Amino acid sequence: MGLLSFIKEAGEKLFGGSEAKAATPDQLKKAVDDLGLQADGLDIKVDGDKVTISGKAKSTADAEKIALAVGNTQGIASVENNLDVEEVAIEAVFYTVVKGDTLWKIAETQYGNGKGAKYTVIFEANRPLLSHPDKIYPGQLLRIPPLD
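My aim in this report is to walk through the structure given alongside it, one point at a time. Everything numeric here is computed off the predicted structure, so don't read it as measured data.

1. Concerning the overall build of the protein
Piece 1. Helix and strand counts for the protein come out as four helices and six strands.
Piece 2. Starting at the N terminus and ending at the C terminus, the protein contains elements arranged as β-α-β-β-α-β-β-α-α-β.
Piece 3. Taking 15 Å as the expected radius of gyration for a compact globule of 148 residues, we find that the protein reaches 15 Å, a close match to that expectation.
Piece 4. Expressed as lengths along the three principal axes of its C-alpha atoms, the size of the protein is roughly 45 × 35 × 25 Å.
Piece 5. The buried share of the protein, taken over its 148 residues, is 44%.

2. Re unusual backbone geometry
Piece 1. Here the bond from R127 into P128 is cis, since omega is 5 degrees, no more than 30 degrees from zero.
Piece 2. Mapped onto the secondary structure, P128 falls in the loop between α4 (119-125) and β6 (141-144).

3. Observations concerning the packing of aromatic side chains
Piece 1. Scanning all chains against the criterion turns up one aromatic pair.
Piece 2. Both rings, one in W104 and one in Y119, keep their centres 6.0 Å apart while their planes meet at 35 degrees; by these two values the pair is tilted. One end of the pair, W104, is in helix α3 (residues 103-111); the other, Y119, is in helix α4, and 15 residues separate them in sequence.
Piece 3. The class for W104 is partly exposed, based on a relative accessible area of 45%.
Piece 4. Judged by its relative accessible area of 26%, Y119 falls in the partly exposed class.

So, how was this worked out
Residues numbered from 1 in each chain as written. Predicted model: local features only at pLDDT ≥ 70, side-chain atom pairs only at ≥ 80, totals over all residues. Heavy atoms only, no water. Helix = DSSP H or I, 4+ residues; strand = E, 2+ residues; numbered from the N terminus. Rg over C-alpha atoms; globule rule 2.2 N^0.38 Å. Buried < 20%, exposed > 50% of the residue type's maximum accessible area, 1.4 Å probe, protein only. Phe/Tyr/Trp six-rings, centres within 6.5 Å; stacked < 30°, edge-to-face > 60°.

Geometric values such as these leave the question of function open.
What follows is the structure, given as structure tokens:
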């Protein structure tokens with residue numbers, strides 16, 4: 001899947017993690033588990049502000065969500081996603097939220113003018129990472145799946 005870059009200072013604050021230091025592998029695994037995301041043999045290694053994940057995910061979307069769950073935490077600048085995938089699909093494009101963004105605005109820029117209502121596609125593609133369409137923040141990395 002490759003290397004994803006994150007804004008180290010942005011993201012969820014996990015206990016034990018900070019802008020200066022990433023959370024431990026166990027804390028990151030717990031964050032993934034708390035979201036209900038799963039991968040067989042999930043292995044998380046932290047080296048400074050870089051995290052490497054491996055194991056086997058059911059789908060491309062699951063693998064991407066696990067990488068986002070890990071990367072969208074404070075103290076992490078990059079995630080090397082080495083998860084194998086059972087059900088391979090087209091990989092999503094990734095978008096970093098900037099100040100003033102809404103999912104509607106992101107849908108307009110990613111899918112084209114007049115397609116703002118497709119924000120629901122982006123919201124669903126990022127569940128359970130997003131609990132509400134209005135709860136996005138600058139620096140957050142989102143999955144932007146292709147439209148069918």
